[in-house]
Structures are given as C-alpha cells and as structure tokens.
Amino acid sequence: VMMEDSLEDKLYNVMSAIPATIGENATVIDWPSEPGGEMPVLREGSNEWVCMYDNADTPGNDPMCVDPVWMAWMEAFMAGAEPENSAPGISYMLAGGSDASNSDPYAMEPAEGEEWVVSPAHLMLLMPGGFDTAVFATDPDSGGPYIMWEGTPYEHLMIPVDPAG
C-alpha cells in the first residue's frame, strides 16, 4: 500500500520547481484522481502562476510551475486539442523532469529500446509559430536549449539552467 503524500510534502515538492518569489504566491494543483478528472486545488494563489505536484506516471521528480499561456497549453494538451500559443509562455521545472519521448507528446512510456528522456533543471518556452531547427537542436543530450516535440502542436523549447545560479 502506497502512502499518500501530505499537503505539506506536496507544497514542498512544488516549491522545488520555481523561484520562491513566484512560488510563494502561486496556486498549487494536484493531478486528478482519475484520468480526465478535475485537478484539485491544494492552495489558492494570488498571482497568475499555477504549480503542479510531481507526476506519479513518470519515474523522475517533475513538479512544474506555469504562467497563464502554459496553463492554456496544458489544458489543450490534456484535452487532446491544439493549443493557440498566441503569446510567449514560460514554465519552470527547476527540479528537472522525465518524459517518455522527445518526439511523441502522448507517449506513456519509452519506445522499445529507448530510455526515458531525463532533463536537468530547466525552463520551458512557448512561442507563437514554434522554433526553427536551424537555430535549436532537437537532441535532448545536446547540452543546450533544444526543441521538444518538434513539428507537433505541442512543440516547446527546453532550456537547461543551473538552479544554484
């Protein structure tokens, strides 16, 4: 039997994803108890940022905090709809993250023979019109910014950062 993390544990986890000056006033939500369900609010915030607790469906610790553009993107993604990305958007994942695929947004696990894409601390950037592969790599191991899910409606730029400054 798995123990459910306490509210305090979840808030501590979320704060590892974002600078404290933003996170202390962000709304914190949890993952739905069933697919397609409501994302319960753990703490109401007073700024426009929304933070999500670690996704239990991935092997890594991956809390994230998103601005309103990214929140609209997340809602579209979860609904299987195309996001509008009418303005730049930014998301913090300063605890890092893990994804099943760098090319398939809906992969639930890595393809046979592939590994999880494990990302160090990073920012994620959305831009209207996406990103140019002549400017940015698509290889997560490039060491610099790279395009995740290139050529899909969910394309975004992953920007590795050093959270220690």
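Residues numbered from 1 in each chain as written. Predicted model: local features only at pLDDT ≥ 70, side-chain atom pairs only at ≥ 80, totals over all residues. Heavy atoms only, no water.

A. Layout of the overall build of the protein chain. Scanning the protein chain for helices and strands turns up three helices and ten strands. Listed by position from the N terminus, the elements making up the protein chain come as α-α-β-β-β-β-α-β-β-β-β-β-β. Relative to the globule expectation of 15 Å for 165 residues, the C-alpha radius of gyration of the protein chain, 15 Å, shows essentially globular dimensions. Taking the principal axes of its C-alpha atoms as reference, the protein chain extends roughly 45 × 35 × 35 Å. (Helix = DSSP H or I, 4+ residues; strand = E, 2+ residues; numbered from the N terminus. Rg over C-alpha atoms; globule rule 2.2 N^0.38 Å.)

B. Representation of helix α3 (residues 68-79) in the model. Compared with an ideal rise of 1.5 Å per residue, which puts twelve residues at 16 Å, α3 spans 17 Å between its outermost C-alpha atoms and is within 8% of the ideal. Listed in full, the buried residues belonging to α3 are Trp70, Met71, Trp73, Met74, Ala76 and Phe77. Looking at the packing, one finds that the buried side of α3 touches β1 (27-29), β3 (50-52), β4 (64-66), β5 (89-93), β8 (122-126) and β10 (156-160). Two or three places before Val69, at the opening of α3, Asp67 has a side-chain oxygen 3.2 Å from that residue's backbone nitrogen. (Expected span 1.5 Å × (residues − 1). Buried < 20%, exposed > 50% of the residue type's maximum accessible area, 1.4 Å probe, protein only. Contact = heavy atoms within 4.5 Å. Polar contact = N/O pair within 3.5 Å; in protein donor to acceptor, adjacent residues only side chain to side chain.)

C. Just the packing of aromatic side chains, in detail. One pass over the structure, following the stated rule, counts ten aromatic pairs. Arranged with centres 5.0 Å apart and planes meeting at 90°, the rings of Phe77 and Tyr154 form a pair that is edge-to-face. A residue pair is termed long-range when its members are at least 10 positions apart, and Phe77 in helix α3 and Tyr154 in the loop between β9 (146-148) and β10 qualify at 77 residues. The buried category is assigned to Phe77, whose relative accessible area is 16%. Taken together, Trp70, Trp73, Phe77, Tyr106, Trp149 and Tyr154 form an aromatic cluster joined through their ring pairs. (Phe/Tyr/Trp six-rings, centres within 6.5 Å; stacked < 30°, edge-to-face > 60°.)

D. Local environment of the nonpolar core. Residues Met52, Met64, Val66 and Trp73 are the most contacted members of the largest nonpolar core, which totals 20 residues. Looking at this core, the elements with two or more residues in it are β3, β4, α3, β8 and β9. Examining the composition of this core, we find that five residues originate from one element, α3, more than from any other. Listed in part, the 14 residues of the second largest apolar core include Ala17, Val28, Cys51 and Leu94. (Core = buried A, V, L, I, M, F, W, Y, C linked by side-chain atoms within 4.5 Å.)

E. Seen up close, the pattern of salt bridges. Under the definition given, this model contains one salt bridge. For Lys10, the salt bridge is made with Asp30, and the minimal N-O distance between the two is 2.3 Å. Here the residue Lys10 occupies a position in helix α1 (residues 7-15), and Asp30 occupies one in the loop between β1 and β2 (41-43), the gap between them amounting to 20 residues. Residue Lys10 shares its accessibility class with Asp30, and that shared class is buried. (Salt bridge = Lys/Arg side-chain N within 4 Å of Asp/Glu carboxyl O.)

F. Spotlight on unusual backbone geometry. In this model, Asn85 sits at a positive phi of 40°, which is unusual for a non-glycine residue. Residue position: Asn85 is located in the loop between α3 and β5. Residue classification places Asn85 among the buried residues on the basis of a relative accessible area of 14%. We note that Trp149 has phi near 60°; this positive angle belongs to a residue other than glycine. Among the structural elements, Trp149 can be located in the loop between β9 and β10.

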